[in-house]
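Observations on the three-dimensional arrangement
Here is how the chains run, residue by residue.
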Amino acid sequence: MITARAAATFEPVGRSVAAARTFVRDTLQGWGLTDIVDDAVVLTSELVTNAVVHAGTTADVVCIRADTGVRVEVADRYPEREVPLQSNGGHHFGSPDREGGRGLLLCAALAARWGVEYSATHKQVWFQLDFPERPAGTRAAGPALPSSALPITDSRVRVAVVQVDSDGLISAWNDDAQELFGYSPEQIVGKPLTDLAAWPHTPGTSTGVAEALQLSRWEGSYGIRDVDGRVSPVYASHLRIRDADGAPSTVCLLVRDRERAVLQSPMRGAAADTSDSSERGPVSDAFEVFIGSPAPDDLDGLLQRTVERARDMLDGDAAYLLLATDDETELEVRASTGLPSARQRFARVPVEAGTGRYGSARMPAVHEDLSAVPGAVPLLVNTGMRSVVTVPLKVEGRLTGSLGVAAESPGRYNNEEALRLQFAADRIALAVERARLTELERLRRGSLSFLVEASDLLAGTLDRDQTLALMAQMTVPTLASWCAVYTVADQASDPELSYVLHEDEDRIDGLKALLTKIDPPEQVPTGGARGWTGPYEAAHAAALRTSLRSLSLGDSARPSSGPGASLATASAVGGETVVLPLVARNRVIGMLTLGKPTDEHFRQENLELAEDLSRRAALALDNARLYSERTAISQSLQRSLLPPEQPEVPGVEVEVIYRAAGEGNEVGGDFYDLFPIRDGAYGFAIGDVCGTGPEAAAVTGLARHALRLLAREGFGGPAVLERLNAAILDEGARSRFLTLLYGELWPQQDGGAVLKVVCAGHPLPLRLRQDGSVEAAAEPQPLLGVMDDLELYEQTVTLDPGDVLLCVTDGVTERREGTRMLGDDGLVDVLTTCTGLTAGAVAARVLRAVERFAAEPPSDDMAILAMRVPEPQDA
């Protein structure tokens, strides 16, 4: 009974042979019949060649799936050209070396049944391949592997199924997706997938999630932001489909990235056309014959297609391709198929002969049994592969790479296969080199853009902790899976672990705990990345101890956490780890540590980019350190200029608000002070030095200390200010003009307070009475720091219960917005609304009025001193 049927017609041109092979391969693979694909492709290739090349007509190819096997029919439009028939004595289709009859000879050798049928307009050759007997449920099998080589997964593997419509909107979301990422279907259906996808923006690459969703098939890694905002690394397999109405959509299968083996299954490409072109007539470009048309336009796609075609061409179980570094001393793994996983991507091995090296990289080589020469091909260790053939990729005599095909059984390959593979390698070597150079140029441009952006970010902060965070966030996940930054305080200090980041936030605590327990990497001032095995060894030792402990406790007494956390940490740091010194001003100030998960390696281009980043980051970190040190010194000196703790004045409420202009400034040109002079008497002052910054702060310190000293020596207000004026003038070129309101306060036993004040060029103090009236409490006199002969006088002010004396600096009265200014009248208006308020409430209301007067923050220093005699009921 027929269960499926597919048909296609091919024009009488040479490229149709490859197209027919692809059609048959894709059809049978789509039906899940991988066991008979290779035989079907070989037979189809010969029969279609007879039709389109020798008969010179179009070829109709039909694939029919039945219960017991598959029937493939190839028909041409030249019935007059008969096929050789067999005689009674046996098959006489001709020699394999002859042009005629070779397709039928293969049919007789490979097919279960075959035949030829004629009609008035067509000649049809068909063959049938029966399904091989195999255990139920078995589709394919891989090499037997030791348990240590099997991928690590959770106890239950969850596969998220997400369907995305043609507009990029999520249309379906299964239970495993909700469990993995936390969103319910109601929360997520109808939203763009791009809102969740954290696409890996590797410098120089341009493929994004939108482009990937347009491809018919795509596999790879990216991140999904979960409901808590964390990025979960996933491995995804995309398949683009269409419904009965023809509407396209994409089905995305996603698992945790460490469980990629569940989904990762490279598709087998069409076999190469290796027959002699003289027998097939004119064919297309040799490169397209091997790779297929259209050729991939990116390096990774080209390399992956190459290894798939090479594997199919030699009927291998696995294939791999390595590219040479610029100095041709090492080979870098760039593509593989049929191996347990792509975990060794970007791993490097030396080219020259020696233990664990590719001694045959520069010449074709055949290894009939790898078990007899352990380590001859490091990439195939513990993969189950026994025989391998390798050939070099060369451009103008220069080694550019190495291509290998391997099989699980020994003795599969000989020199003939090596020559065939070398012929194929020669076809694609130049295209691979061009694509590699294009990728390098794209990476360089992307790296330059990345460094420019990184430099801008690092230059935008002088905060040490923020600089450390930026260093880590710029490397993860762009350059590494995790990052740790060590800092060195001085040459005599040991490195200190200062910042840890992992692309999976759930791994940060475990990684930090691991790195805290081991010795930091050695301080080496020389540039360049160097390997560090400390995290890997410590993590695997901890995982082993945890596993043994859990086994010894038994299932009933196993800790709730189990060994999963330790195993996860070991997997997270199990790949390559490198350390880059942070050197600034000829001194090692720290180390940047970058790591990959199990069996992953760094690309050399990324290491070079990390070195450039480390140099910029080191300078930024050192600048932040110097800025922090100077800021700490400045703040310490500024705090020494501020008054000590404000004393309690019996019978008088006192509130002070002080704001210094400028970021990081605690003291400016404005100042205040309140201090005891003797029993029952207190001195107070509020002043404004011309200018701001350190110079003004120096005069501030001089004025405050001189006032205290002179007042406690028994001098009255005018004498205190006259001597302070002389001291300011003695400063010479460093002197500053100074406005100052100074007074002495005597609280009275029966309530009220008596004040004696001197106002030397300062905004006049304002007195608020209980009835809401406001009046100036002193008269203006000359400012300090201008004239030698200064004659000042003091005025007496009596505060009754409920009265308020408000003293401010000109940062309050000169508050501006455009042409408007708060001024003395505006301050009076604010103060008239403060009747009955405490001193603290009066000061707060004045400050709020100043801040609300203009949209921009205040640009001048500001001091507010409010004193109030409480009413009897308040006391």
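Presented here is an overview of the structure given in this document. (Residues numbered from 1 in each chain as written. Predicted model: local features only at pLDDT ≥ 70, side-chain atom pairs only at ≥ 80, totals over all residues. Heavy atoms only, no water.)

1. Some thoughts on the overall build of the chain
- Each helix and strand counted, the chain has 20 helices and 34 strands in total.
- Burial status across the chain gives 47% buried among its 875 residues.
- Surface summary for the chain: the accessible area is close to 41,400 Å², and the carbon and sulfur share equals 50%. (Helix = DSSP H or I, 4+ residues; strand = E, 2+ residues; numbered from the N terminus. Buried < 20%, exposed > 50% of the residue type's maximum accessible area, 1.4 Å probe, protein only. Areas by Shrake-Rupley, 256 points an atom, 1.4 Å probe, with all protein chains shown as cover.)

2. Observations concerning empty space enclosed by the protein
- Scanning all chains against the criterion turns up three cavities of 30 Å³ or more.
- Space inside the second largest cavity adds up to approximately 40 Å³.
- As for the second largest cavity, its lining consists of Val 162, Trp 173, Phe 181, Leu 193, Leu 196, Tyr 222, Ile 224, Cys 252 and Leu 254.
- At the level of secondary structure, the elements contributing two or more residues to the lining of the second largest cavity comprise strand E9 (217–225) and strand E11 (248–256).
- Residues of the lining of the second largest cavity, tallied by class, amount to nine nonpolar, no polar and no charged. (1 Å grid on protein atoms, 1.4 Å probe; cavity = no way out; pocket = protein on both sides within 12 Å on 5 of 7 lines; lining within 4 Å. Points joined across faces, edges and corners; volume = space filled by probe spheres on them. Nonpolar A, V, L, I, M, F, W, Y, C, P; charged D, E, K, R; others polar.)

3. Some details on the pattern of salt bridges
- A complete count under the given rule lists 29 salt bridges for this structure.
- Its salt-bridge partner being Arg 464, residue Asp 465 comes within 3.3 Å of it at the nearest N-O pair.
- In this structure, Arg 708 and Asp 673 form a salt bridge, with 2.8 Å as the shortest nitrogen-oxygen distance. Of this pair, Arg 708 sits in helix H16 (residues 693–712) while Asp 673 is found in strand E24 (residues 670–678), placing the two residues 35 residues apart along the sequence. Each member of the pair, Arg 708 together with Asp 673, is buried.
- Taken together, the salt bridges that share partners define one network made up of Asp 226, Asp 228, Arg 230 and Asp 506. (Salt bridge = Lys/Arg side-chain N within 4 Å of Asp/Glu carboxyl O.)

4. Describing the packing of aromatic side chains
- In the structure shown here, the tally under the stated rule is five aromatic pairs.
- Summarising the aromatic geometry, the rings of Trp 173 and Tyr 183 are spaced 6.3 Å apart at their centres and angled 75 degrees between planes, so their arrangement reads as edge-to-face. Pair noted here: Trp 173 is in strand E7 (residues 170–173) and Tyr 183 is in the loop between helix H4 (175–181) and helix H5 (185–188), with a separation of ten residues, a long-range link. For the pair Trp 173 and Tyr 183, one class covers both residues: buried.
- Measuring from ring centre to ring centre gives 6.3 Å for Tyr 486 and Trp 532, while their planes differ by 75 degrees; the resulting arrangement is edge-to-face. One end of the pair, Tyr 486, is in strand E18 (residues 482–487); the other, Trp 532, is in the loop between strand E20 (530–531) and helix H13 (534–553), and 46 residues separate them in sequence. Of the two residues examined, Tyr 486 and Trp 532, each falls in the buried class.
- The lysine or arginine in question, Arg 71, covers the ring of Trp 126, its NZ or CZ lying 4.1 Å from the ring centre. (Phe/Tyr/Trp six-rings, centres within 6.5 Å; stacked < 30°, edge-to-face > 60°. Lys NZ or Arg CZ within 6 Å of the ring centre and 35° of its normal.)

5. A word on the sheet that holds strand E25 (residues 681–689)
- Strand order in the open sheet made by the five strands is E24-E25-E26-E27-E30, with antiparallel pairing throughout. Among the strands making up the open sheet, the edge pair consists of E24 and strand E30 (795–799). Neighbour to neighbour, the strand axes of the sheet diverge by 20 degrees on average, direction disregarded.
- Across the sheet, helix H17 (residues 717–729) touches strand E26 (738–747) and strand E27 (753–760), and the angle it forms with E26 is around 150 degrees. (Pairing = 2+ DSSP bridges. Axes fitted to C-alpha atoms, helices over the stretch in contact; angles between N-to-C directions. Contact = heavy atoms within 4.5 Å.)

6. Observations concerning the nonpolar core
- Residues Leu 458, Met 471, Leu 515, Leu 582, Leu 594 and Leu 613 are the most contacted members of the largest nonpolar core, which totals 46 residues.
- Broken down by element, this core gets its largest block of residues, eight residues, from helix H15 (residues 604–641).
- The residues touching Leu 582, leaving out its near neighbours within four places in the chain, are Met 471, Val 485, Tyr 486, Arg 587, Val 588, Ile 589, Gly 590, Met 591, Leu 592, Ser 614, Ala 618 and Leu 621.
- By size, the runner-up hydrophobic cluster in this structure holds 31 residues, among which are Leu 33, Val 41, Val 52 and Val 61. (Core = buried A, V, L, I, M, F, W, Y, C linked by side-chain atoms within 4.5 Å.)

Read these as geometric descriptors, not functional statements.
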